[in-house]
Amino acid sequence: QVQLVESGGGLVQAGGSLRLSCAVSGRTFSSVPMGWFRQAPGKEREFVAASTRSGGYTYYADSVKGRFTISRDNAKGTVYLQMNSLKPEDTAVYYCAAEPQFRATMEPYNYWGQGTQVTVSS
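Analysis parameters
- Throughout, a residue's number is its position along its own chain's written sequence, starting from 1.
- Local features in a predicted model are, by the rule used here, given only for residues with pLDDT of at least 70; side-chain atom pairs are given and counted only at 80 or more, and totals for whole chains, interfaces and linings are based on all residues.
- Computation of side-chain values covers all heavy atoms of the structure but excludes hydrogens and water.
- Strands are runs of DSSP state E lasting at least two residues, helices are runs of H or I lasting at least four, and both sets are numbered from the N terminus onward.
- A simple rule labels every residue: compare its accessible area, found with a 1.4 Å probe on the protein chains alone, to the largest value its type can have, and call it buried under 20%, exposed over 50%, or partly exposed in between.
- In summary, the charge assignment counts Lys and Arg as positive and Asp and Glu as negative, without counting His or the chain termini.
- A pairing counts as a salt bridge when a side-chain nitrogen of Lys or Arg comes within 4 Å of a carboxyl oxygen of Asp or Glu.
- Any N or O atom pair separated by 3.5 Å or less is treated as a polar contact, with the protein-specific requirement of one donor-capable and one acceptor-capable atom, and with residues adjacent in sequence counted only for side-chain atom pairs.
- Disulfide assignment relies on a single distance test, namely cysteine sulfur atoms paired within 2.5 Å.

**Observations concerning the side chain of Arg-72**
Item 1. If you trace the backbone, Arg-72 turns up in strand S7 (residues 68–73).
Item 2. An unpaired buried charge is present at Arg-72: no salt bridge exists, and Asp-73, the closest side chain of opposite charge, is 8.5 Å distant.
Item 3. Within the structure, the side chain of Arg-72 is placed 2.9 Å from the backbone oxygen of Val-32, a separation counted as a polar contact.
Item 4. Among the polar contacts listed, one links the side chain of Arg-72 to the backbone oxygen of Thr-52, at a separation of 2.8 Å.

**Quick word on the state of the cysteines**
Item 1. Counted according to the given criterion, the structure contains one disulfide.
Item 2. The partner cysteine of Cys-22 in its disulfide is Cys-96, sulfur to sulfur 1.9 Å. The S-S bond linking Cys-22 to Cys-96 shows a torsion near 45°; that makes this disulfide right-handed. Within this pair, whereas Cys-22 is found in strand S3 (residues 18–25), its partner Cys-96 is found in strand S9 (residues 92–100), the two being separated by 74 residues in sequence. By the burial criterion, Cys-22 is buried, and Cys-96 matches it.

**A closer look at unusual backbone geometry**
Note: most residues except glycine have negative phi, and most peptide bonds are trans.
Item 1. A cis amide bond links Glu-107 to the next residue, Pro-108, at an omega of 5°.
Item 2. Position of Pro-108 relative to the elements: it lies in the loop between S9 and strand S10 (109–112).
Item 3. The phi dihedral of Ser-85 falls on the positive side, at around 50°, and the residue is not glycine.
Item 4. Locating Ser-85 in the fold gives a position in the loop between strand S8 (78–83) and S9.
Item 5. Judged by its relative accessible area of 40%, Ser-85 falls in the partly exposed class.
Item 6. At Glu-99, a residue that is not glycine, the phi angle is positive and equals roughly 65°.

Everything listed here is a matter of geometry and, on its own, says nothing about what the molecule does.
Here it is, written out as structure tokens:
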């Protein structure tokens with residue numbers, strides 16, 4: 001049973017920073033690409049960032065490029081999303097995901113976390 005557990009969400013003012021974490025268990029973490037997605041109220045879930053198995057290649061949505069950084073610690077089985085210069089439009093539930101079925105930058109993924117709320121106030 002693969003489990004993904006996110007943490008680190010919360011309320012922050014515009015211009016602030018947050019770091020999300022996603023701990024993976026039940027699977028050899030270093031063998032799977034990982035991604036972050038988000039879903040704002042009334043909108044579809046969208047791709048945010050992804051990392052290859054080793055972390056050597058990363059991918060970002062244009063809306064977060066230069067502000068967000070995805071990283072992973074394979075020894076700890078954890079993937080991170082460092083979010084800087086946050087904007088009110090970044091407000092959403094953020095989900096981590098493991099093992100894309102096709103491309104790392106799009107759904108579907110095989111495994112999902114429960115999500116963590118990020119709220120950015122203006």
